[in-house]
Amino acid sequence: MPENAAEVTAAGIARLAGVGRAAVSNWRRRHADFPQPVGGTETSPSFALSQVERWLRDQGKLAEVPLRERVWQELASDGATAATALVRAGCVLLLVRDRPTLWRQLTTAPDTQLAELLPVALGEVLAPHFGAPVESAVHTPGLRELLPSVPLLRGVAELAAELGPRDTFEFLLGRHLDANPRQYTPTPPEAAALMAALAAPSAPGPAPSAPAPSAGNVTVLDPACGTGTLLCAVPHAAVLYAQDAAPELAALAGLRLALHTGGTGGTGGTGGTGSTDQSARTGHEDRTDHTDAEIRTRAGDTLRADAFPRLAVDIVLCHPPFNERNWGHDELAYDPRWEYGFPARTESELAWAQHALARLRPGGTAVLLMPPAVASRRSGRRVRADLLRRGALRAVVALPAGAAPPYGIPLHLWVLRKPVAGERPSPELLLVDTAELSAAGGRDSGGGRDNVDWTTVHTTVLDAWHPFDRLGTAEERPGVSRAVPVVELLDDDVDLTPARHLPPPAAAGGTAELALVRERLADTLRLTAELTPWPHARDARGARDADDARGARPSGAAEPAAPLHRPTTTVGELARAGALVLYAGGSGATADVTAVPVLTEHDVLAGRAPSGVLPEGVAAEEPVRIQEGDVVVPVLGGGAVARVMDAAPAGAALGRNLQLLRPDPAALDPWFLAGFLRGTANARRASSYASTATRLDVRRLQLPRLPLADQRRYGEHFRALAAFEDALRLAGQLGEQLVQGLYDGLADGSVPM
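Since this is a predicted model, take the numbers as computed values, not measurements.

Some words on the packing of helix 10 (residues 165–179) against helix 13 (residues 247–260)
Thinking step 1. At a minimum axis separation of 9 Å, helix 10 and helix 13 run at an interaxial angle of 150 degrees. When the interaxial angle is binned, helix 10 and helix 13 end up roughly antiparallel. Crossing of helix 10 over helix 13 shows left-handed handedness. Facing P165, R166, F169, E170 and L173 of helix 10, the residues of helix 13 in contact are L252, L255, R256, L259 and H260.
Thinking step 2. Tallied by class, residues from the contact of helix 10 with helix 13 come to six nonpolar, one polar and three charged.

Here it is in C-alpha cells:
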C-alpha cells in the first residue's frame, strides 16, 4: 500500500456501506477475500480505503464512496494528527473562499509544485485575518508539512465546491469531534445562544457612565475558547479574541471564526455558521455572521500566561474547565486579577470568573457556564461575598440537567458585570431556576439531554433578566425567579444556589387546578375500565369472538390453550421481499428556518409527542422523516416496545437508537406488525448482549405468515390494547400530579384541611 494512503476503521466501513458495525464483523468472518488490516490495533484495526472500496463494489454493497466520506477518511488517516490535518484543510478553505481564482490556477500544478506554491499563497490569505504570524495561533504551513497532504487538500477543495468552504469545515470539524468524544467538552448551541443573549446590552442600555457599544462595534473575549463555539454565537462583533491552552484548538477556533466572516469570494454552496462544539458535532449552525470582525487567537494557558493582559472588552463568554486543581494556585498568589479574593486551590472556577472581570471594560458583561457546586462550596464563600458586596455578580441561573456536559447535573450560568467607578453596587441579585424545565415545558418530566425545552428556558431566563438589567429589580415568580436582596445572602455560607432562595410555586395551580386534575383522572379511570380487555378462549379456527370480547368476564376459568404453531418470517426477510422498508434514526440536520421536531427514544418509551429538535446545518445524510402508519422500535435496553405512528408525529425526524419500519399497506398491517414485534419471547430471541447494554436486532424479529384480512383482525385487537395502555399511562400521570399537588398544597397551606 502506498505511504500515506487513506485508511478506514470498521466504523468507517459501516458508514460507507450504510450498515451496522456488526455487519462489518460478519463480513470479515465470512468472506475470505475481505481486505486484511493494514494498521490500527488488534481490537480496532484499520483497512486501506481503496481496497475496502473495491471489495464493497465487487460485492454489490457500494456504488461509489461519497466525496465527503472519502475526504474525511483521508483526513483521519493523514500522516499528521487529525487536528493538524484539519488546520491545514481550514487554511486551504480560506484560500478557496477568499482567492478562488488563485486557487484554480494553483491546482493546475502537479502535487510537488502545488506544495511549493501554497505557503506563499496561504500566508497572503491568513495575514489579513489573524495579524502577525508570530503571535497568532494559526501559522502558515510549510512545504514539508503540506507535501504529504496535497491529495487531501485537493479533496477538501473539491468538497468545498459542493458544500461551500464554511460548511465543509463544519462537516470535517464535526466528524473530528465525533471521533474523539473524550477529548472535548462541547457547549450545546442553545446554551451558547442563551449566554450571548445574556451578555448583550438590554434596551435602553446601561447608564451614561458606562455607554453601551454600538452594533458592530462590540469586542468579545473567550479565554477558554475550545473550537470557537461561544464566539460564533455573538452577532455584530468588531473584534473577537480567543485563547486556549491547546494550540490545535486555538488554531481551529481561529479558522472557524475566519470562515464565518465575510469573504471576497466563494466556491459553491451556501455558507452556514456553527455556534458551538456541539453544533459542529451534529451539524447544527447558528447562522450568525461576523462580516468584518477582526480575529485574534492565541495559544497558551490563560491563567498562567494571559495573551491579552491589557485587554478591556465589552463581553466575555467562557465555558471554563471544571474542577481543575492544577490551575496555577501556587504561582499566582499575588496576581492582580484576584481583586475579589485569592481563590482556593479547589476553586478554579472562581479564578476564571475573576479573570473574566479583569478583562472587561467598566460596565462590561461576562457570562460563565459553571458547575453548581461553585455557588455553595465553603472554600469559595469569601470570594462570593465580595462579588456580591461590590455588585460584580448580577445573576445566577440554574439550567436544567442535560443542558451541557456533564449532562447529569444542572449547571449554572453566572452573569457578572465589572463595576463602574462612582456607581453604587446593586442591592439585589437575580436568581433564576429553570433546573426542572423539560421538553414538555413543565417540571418533573424526566430531564435529560434530549428533554430540555430550550425555548421555554430562553424565554424564562431572558424575561427575568432583561427587566432586572434595566431596572435593577424584577417581578417575583414563585419557584422560577426572584431578585434577592444581597444582605439576605451574606450569611455564613453565602450560598447562591437559586432553588434555596426562591419561594415555592403554588401547588399545581391551587385547589381549582387540583379539582380539574381530579375530574380528568376520574374520566380517564372510567375510560380505562371500559377499555380493559379480558383474555378470551379461541375457537377451533384460532379466531376470537369480537362480540364476546366486549362482554362480561366468563364465569368459569378457561382451559389454557396451547401456543399456536404457525409458519413465520422475519423482519429481515420481509425487508428483502419489499413488504417493508427499514430505516435507522439519529442522522441528519436541516437548513430550514423553522425547527424540525425529533422523536427521541424516551418519547417512544413514554408514549409522548416528539420532544427533540433537529439541528440546523449540513449533515452527511438527510434525516428519516416519520409518516403516518410507520412502526418505530427502540433498539437499546432489551424491552419489547413498538409504537405505531399516527398523524401527530408525522414529519418529525427519527432520533438516535430507533429503528423505523415502513410497511407496504398492501402486504402488512402496521398494528399487526407492531403487536407481534412487542412479544416478550420475540424480543428475547432477537436481542444480543454487550458488556453494558442489550441491543435489539430488528431484522431477527419474527411474525406469523398470515393473509392481510387475518392481519387486520389481529391489528384491531392490538390497536385496542394500545388504547388501553395509553389510558393507563395518562391515569398514572394524572394520579401522580394529583397526589403531589395535594402533598405540596397541604404542606404550604394552599389546600385547606
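Structural notes on a nonpolar patch on the surface
Thinking step 1. Taken together, the side chains of L742, L746 and M753 define a hydrophobic patch exposed on the protein surface, amounting to about 390 Å² of accessible area.
Thinking step 2. Its location among the elements puts M753 in the segment after helix 25 (708–748).
Thinking step 3. Judged by its relative accessible area of 99%, M753 is exposed.

Here's the deal with the packing of aromatic side chains
Thinking step 1. Applying the stated criterion across every chain, the model contains 12 aromatic pairs.
Thinking step 2. For the pair F676 and Y714, a centre-to-centre distance of 5.3 Å together with 65 degrees between the ring planes defines the contact as edge-to-face. You can see F676 sitting in helix 23 (residues 670–677) and its partner Y714 sitting in helix 25, a full 38 residues away along the chain. Here F676 and Y714 have matching classes, each one buried.
Thinking step 3. What links up through ring pairs into an aromatic cluster is the set W27, F34, F47 and W55.

What about the sheet that holds strand 20 (residues 658–663)?
Thinking step 1. Pairing within the open sheet is antiparallel, and its four strands lie in the order 14-20-17-18. Of all strands in the sheet, those with a lone pairing partner are strand 14 (580–584) and strand 18 (643–644), marking the two edges.
Thinking step 2. Bridge count for strand 17 (residues 631–634) against strand 20 is four bridges, and the pairing is antiparallel. Paired with P634 across the two strands is L658, which belongs to strand 20.

Some remarks on the sheet that holds strand 6 (residues 294–299)
Thinking step 1. Read from one edge to the other, the open sheet built from nine strands follows the order 6-5-4-7-8-10-9-11-12, with strand pairing classed as mixed. With partners counted over all chains shown, the strands left at the sheet margins are strand 6 and strand 12 (481–485), one partner each. Ignoring which end each strand starts from, the neighbouring axes of this sheet average 15 degrees apart.
Thinking step 2. With five bridges connecting them, strand 9 (residues 393–398) and strand 10 (residues 412–417) associate as antiparallel partners. Residue pairing for strand 10: L393 is matched across the bridge by L416.
Thinking step 3. This element, helix 11 (residues 189–199), spans strand 7 (313–318), strand 8 (360–370) and strand 10 of the sheet and lies at about 155 degrees to strand 8.
Thinking step 4. Along the sheet, helix 15 (residues 348–358) makes contact with strand 7, strand 8 and strand 10, crossing strand 8 at roughly 155 degrees.

A few points about the confidence of the model for the protein chain
A low pLDDT score tells you not to read the predicted coordinates there in detail.
Thinking step 1. Across the protein chain, the average pLDDT comes to 83, with 83% of residues at 70 or higher.
Thinking step 2. A low-confidence stretch, residues 205–209 (pLDDT under 50), is modelled with four contacts involving residues beyond four sequence positions or located in other chains.
Thinking step 3. Counted against residues more than four places away or in other chains, residues 439–447, with its pLDDT under 50, gives 19 contacts.

Quick look at the pattern of salt bridges
Thinking step 1. Under the defined criterion, the tally for this structure stands at 31 salt bridges.
Thinking step 2. In this structure, R713 and D710 form a salt bridge, with 3.5 Å as the shortest nitrogen-oxygen distance. In this pair, R713 and D710 are both assigned in helix 25, three residues apart and thus about one turn of the helix distant.
Thinking step 3. Residue R713 is classed as partly exposed on the basis of its relative accessible area of 42%.
Thinking step 4. A network of salt bridges, in which partner residues are shared, links E53, R57 and R70.

Thresholds, definitions, all that
- Residues numbered from 1 in each chain as written.
- Predicted model: local features only at pLDDT ≥ 70, side-chain atom pairs only at ≥ 80, totals over all residues.
- Heavy atoms only, no water.
- Axes fitted to C-alpha atoms, helices over the stretch in contact; angles between N-to-C directions.
- Helix = DSSP H or I, 4+ residues; strand = E, 2+ residues; numbered from the N terminus.
- Parallel < 35°, antiparallel > 145°, perpendicular 65-115°, else oblique.
- Left-handed = near helix turned anticlockwise from the far one by under 90°.
- Contact = heavy atoms within 4.5 Å.
- Nonpolar A, V, L, I, M, F, W, Y, C, P; charged D, E, K, R; others polar.
- Patch = residues over 30% accessible without salt bridge, like charges linked within 9 Å, V, L, I, M, F, W, Y side chains within 5 Å.
- Areas by Shrake-Rupley, 256 points an atom, 1.4 Å probe, with all protein chains shown as cover.
- Salt bridge = Lys/Arg side-chain N within 4 Å of Asp/Glu carboxyl O.
- Buried < 20%, exposed > 50% of the residue type's maximum accessible area, 1.4 Å probe, protein only.
- Phe/Tyr/Trp six-rings, centres within 6.5 Å; stacked < 30°, edge-to-face > 60°.
- Pairing = 2+ DSSP bridges.
- pLDDT = per-residue confidence, 0-100.

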